[in-house]
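# Secondary and tertiary structure notes
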Amino acid sequence: MKETFFAFLLLTYPVTFLVRACNNIFIEINRSCKEGVSNREDAFKVQLASHILSLCPVLKYLIIIFPVFSCELFAQNSPGDTDCVPAVTISVNQNDICANTAITFHAATKNEGTDGTYHWKKNNGNAVVTNTTYFTSADFKDGDVVVCEYSSKTKCGVDTTVRSNSITVHVVNDITPSITIANTDPLICEGELTVFTTQSTYGNATPSYQWIVNGQPVGNSTPDYSTDSLTNGSRVECILTISTPSCPGTSMSATSQMTIYVYPMIHPKIEITPSKTQICRGETVTFTATANGGTAPTFSWEINGKPIGEVSPSLVTSTLKDGDSVSCTITIDQDSRCRTSTSAPSNKIGIHVIDYPEPSLVIAAPILDICPGTPVTFTAFVQHPGDHNFYQWKVNGNDIGNDSPIFVNNEFRNGDEVSCILSTDIPGCPFPAKVASNAETVTVRDPPVITFLPPEISVAYGEVAQLHATVSGTVTSVAWTPTAALTAPQSLTSSTVPLTHDTVFNLTIVDNNGCTANKDLAVKVLNKLYMPSAFTPNTDGKNDVFRIPPGASISLREFSIFNRFGNIVFSTRNIADSWDGTYKGQHVDTGTYVYFIKGIVMDEKVTVKGTVTLIR
């Protein structure tokens, strides 16, 4: 049989080899470094190719050399060497115990090795006892599991931990009882027999039952209880007590309780009461039913013996006539088992109704076809008014105006609908009457629309402007103002006189509907650009800055000032800005400076250059 050897090469002198055969035989070989490493390269190649096991059948000896940085002998626990591995077995002096009974566990160990320690554990938790061969405790629950772990250095020199068998503790009286009670019929009527049953758990213990009603013991020690004397809100309770014969003196209990709803016997009865029995026509009356009809009765209201379809506990109506009789019939819920009958009629109520003449309201206006802004006056005419009248005018349904029979408005839009609501008292009746009027629609004609072509006019100083307007609709009158500045003030097209200042012209138009429109047209007169030749920035309030004069007709693009070296000392694109004779916060020297202005005048680009003298 071919054998494979494992050798660990030590890098110090002398060299020690641990040889392991395929059949787990260990051989110790001592050689010098020169004697033992001649074929280590081939040996490592064999190891890296993972052919250790496959070469055992074909080679008699295969030596694998592993370098180790120590002169100690490397030993391994062989899987086949049973004398090298420790084993621990535990036992207990008794089981099937009563609660709080102390029991002792013992550990027996084989192949202990050296430096052995014991760790006792319960339910795989942390060690409860350490480094003793026994474990005694009375703190056990039924089903607790005890094991012991043993740690040592084996005969082969390896640190090892082994685990014992496990023992499950049985505590015969570790039982938590439970109980739930229920009654056989969830619906209990007064005086009806009902039975209460239990569902309980108590293991192998012996049970006993104690029934309690409203704090008083009743019945006997059985899991069932029956009674016909419960009242609404009674509290029924059962206490389960268990004991274990093998553990005398110990018992445990559990309880369950429920509150019982006992339905009273229903004797249907109903009585109705009106808010009043003498009313005015149209007055609201409320009838209220007081009934004994269970939790969900239904009501059927009748007028003169005929059902009217109302099924609520009250009836609100404003349609009664003189001599009407009102009554109601109650019907209890058909699912209600606790009843003596299913329905009952109420008493009857007679009503006296006082009649009165109905007030009426009509509104009118002398004209409803108007131009925008024309005031319209509406007047309300009332028949059969009361002593106190209140008028609420409305436009398109929205409240407007004040409490007056006359309503005037000049802000109507085409299609606006005007109406009025009259609130008045009814003589001899405690409530007001509300009367709605007819509705009148206001027609507002479109006013003439004026359009100027062009919409804006600019002319040079002393020139004439051409005014031209177009108007929608049929024009019956044209009037421009100021007339003194125009050549044809009653024509849609007119020329102005030569203009020297900005002028606003107004055009007033009247169309064939009599509607008027007016509109302004501004003519801007562009003044020539005159720049000052000097300024004195001495803060005396006179000529302290150099700027483009106000009113200059130019759309500014650039206004820059240069010193005699060609450097910019001031620049802006805002026509309102001015130069105060400083540069970067410092006063500049007295002298002559060049200014440069670029802009647009009457849609044409212009450039203005000049000089200005700064005097201090």
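On a predicted model such as this, the values are computed, not experimentally measured, just so you know.

### Here's the deal with the overall build of the protein chain
Secondary structure summary: the protein chain contains three helices and 55 strands in total. For the protein chain, buried positions account for 34% of its 616 residues. Counted over contacts in the protein chain with a minimum sequence separation of 6, partners at least 24 positions apart contribute 57%.

### Notes on the sheet that holds strand β37 (residues 406–409)
Strand order in this open sheet of three strands is β32-β34-β37, and the pairing throughout is antiparallel. Both outer strands of the open sheet, β32 (360–364) and β37, are each paired with one neighbouring strand and no more. Sheet twist, expressed as the average angle between the axes of neighbouring strands with direction ignored, equals 20°. Where β32 lies against strand β34 (residues 376–383), five bridges are found, and the strand directions are antiparallel.

### Here we look at the environment of Pro 357
Note on placement: Pro 357 falls in the loop between β31 (352–354) and β32. In the structure, Pro 357 is positioned 70 residues away from Pro 427 in sequence and 9.7 Å away in space, judged by C-alpha atoms.

### Thoughts on a positive patch on the surface
Together, Arg 557, Arg 573, Lys 598 and Lys 605 make up a positively charged patch on the protein surface. Along the chain, Lys 605 turns up in strand β55 (residues 604–614). Overall, Lys 605 belongs to the exposed group, its relative accessible area being 78%.

### As for the state of the cysteines
According to the stated counting rule, one finds four disulfides in the structure shown. A sulfur-sulfur distance of 1.6 Å marks the disulfide that ties Cys 280 to Cys 429. Measuring handedness by torsion sign, the sulfur bridge of Cys 280 and Cys 429 sits at about -100° and is left-handed. A residue pair is termed long-range when its members are at least 10 positions apart, and Cys 280 in strand β23 (residues 278–280) and Cys 429 in the loop between β38 (417–425) and β39 (432–436) qualify at 149 residues. Of the two residues, Cys 280 and Cys 429, neither departs from the other in class, the shared state being buried. Here Cys 371 pairs with Cys 515 through a disulfide, and the sulfurs are 1.9 Å apart. Around the S-S axis, the bridge from Cys 371 to Cys 515 shows a dihedral of about -90° and counts as left-handed. Of this pair, Cys 371 sits in the loop between β33 (369–370) and β34 while Cys 515 sits in the loop between β47 (503–511) and β48 (516–526), and the two are 144 residues apart along the sequence. The two residues Cys 371 and Cys 515 agree in class, both being buried.

### What about the packing of aromatic side chains?
Evaluated as defined, the whole model comprises 20 aromatic pairs. Judged by centre distance (5.5 Å) and plane angle (25°), the rings of Trp 393 and Phe 407 are stacked. Remark: Phe 407 occurs in strand β37 and Trp 393 occurs in strand β35 (residues 389–395); sequence separation between them is 14 residues. In this pair, the class of Trp 393 matches that of Phe 407, namely buried. Put simply, the rings of Phe 535, Phe 546, Phe 559, Phe 570, Trp 579, Tyr 593 and Tyr 595 pair up and form one aromatic cluster. Geometry around Phe 140 places Lys 122 over its ring, the cationic atom sitting 5.4 Å from the centre. Over the face of the ring belonging to Tyr 356 we find Arg 281, whose NZ or CZ atom lies 4.3 Å from the ring centre.

### Let's talk about the sheet that holds strand β5 (residues 87–92)
As summarised here, the arrangement of the three strands in space is β5-β6-β9, forming an open sheet in which the pairing is antiparallel. Every interior strand has two partners, whereas the edge strands, β5 and β9 (134–137), have only one. Pairwise comparison of adjacent strand axes, ignoring direction, gives a mean angle of 15° for this sheet. Bridge count between strand β6 (residues 103–110) and β9: four bridges; the pairing is antiparallel.

### Observations concerning the pairing of β34
Pairing of β34 with β37 involves four bridges; the strand directions are antiparallel. Residue pairing in the sheet places Thr 379 in a bridge with Ile 406 of β37.

### Remarks on the pattern of salt bridges
According to the stated counting rule, one finds 10 salt bridges in the structure shown. In this structure, Glu 283 and Lys 276 form a salt bridge, with 2.7 Å as the shortest nitrogen-oxygen distance. A relative accessible area of 8% means that Glu 283 is categorised as buried. Arg 445 is paired through a salt bridge with Asp 369; the nearest N and O atoms lie 2.6 Å apart. With Arg 445 in the loop between β41 (443–444) and β42 (450–452) and Asp 369 in strand β33, the pair connects residues that are 76 residues apart, well separated along the chain. One continuous salt-bridge network, built from bridges that share partners, spans Lys 121, Glu 149 and Arg 163.

### Some points on unusual backbone geometry
With omega at -5°, the peptide bond leading from Leu 453 into Pro 454 counts as cis. With an omega dihedral of 0°, the bond running from Thr 481 to Pro 482 counts as a cis peptide bond. Relative to the helices and strands, Pro 482 resides in the loop between β45 (475–481) and β46 (493–495). The phi torsion at Asn 100 lies on the positive side, around 70°, for a residue other than glycine. Topologically, Asn 100 is positioned in the loop between β5 and β6. Unlike most non-glycine residues, Asp 115 shows phi in positive territory, near 60°. When you line up the elements, Asp 115 lands in strand β7 (residues 114–122).

### Brief notes about the nonpolar core
For soluble globular proteins, nonpolar side chains are generally found buried alongside one another. In this structure, Ile 450, Leu 467, Trp 480, Phe 505, Leu 507 and Val 523 are the most contacted members of the largest nonpolar core, which totals 20 residues. Elements represented by at least two residues in this core include exactly β42, β43 (457–460), β44 (466–471), β45, β47 and β48. With four residues, the single largest contributor to this core is β48.

### Points about the side chain of Ser 164
For Ser 164, the location among the structural elements is in the loop between β11 (159–163) and β12 (167–168). Sequence-distant contacts of Ser 164, defined by excluding residues within four places in its chain, comprise Val 88, Ile 90, Val 147 and Cys 148.

### Some points on the side chain of Ser 256
Looking at the element boundaries, Ser 256 is found in strand β20 (residues 251–260). The exposure class assigned to Ser 256 is buried, which follows from its relative accessible area of 12%. Discounting residues that sit within four places of it in the chain, Ser 256 has contacts with Ile 179, Thr 180, Ile 181, Val 236, Glu 237 and Cys 238.

What counts as what
- Residues numbered from 1 in each chain as written.
- Predicted model: local features only at pLDDT ≥ 70, side-chain atom pairs only at ≥ 80, totals over all residues.
- Heavy atoms only, no water.
- Helix = DSSP H or I, 4+ residues; strand = E, 2+ residues; numbered from the N terminus.
- Buried < 20%, exposed > 50% of the residue type's maximum accessible area, 1.4 Å probe, protein only.
- Contact = heavy atoms within 4.5 Å.
- Pairing = 2+ DSSP bridges.
- Axes fitted to C-alpha atoms, helices over the stretch in contact; angles between N-to-C directions.
- Patch = residues over 30% accessible without salt bridge, like charges linked within 9 Å, V, L, I, M, F, W, Y side chains within 5 Å.
- Areas by Shrake-Rupley, 256 points an atom, 1.4 Å probe, with all protein chains shown as cover.
- Salt bridge = Lys/Arg side-chain N within 4 Å of Asp/Glu carboxyl O.
- Lys, Arg positive; Asp, Glu negative; His and termini not counted.
- Charge placed at Lys NZ, Arg CZ, Asp CG, Glu CD.
- Disulfide = S-S within 2.5 Å.
- Phe/Tyr/Trp six-rings, centres within 6.5 Å; stacked < 30°, edge-to-face > 60°.
- Lys NZ or Arg CZ within 6 Å of the ring centre and 35° of its normal.
- Core = buried A, V, L, I, M, F, W, Y, C linked by side-chain atoms within 4.5 Å.

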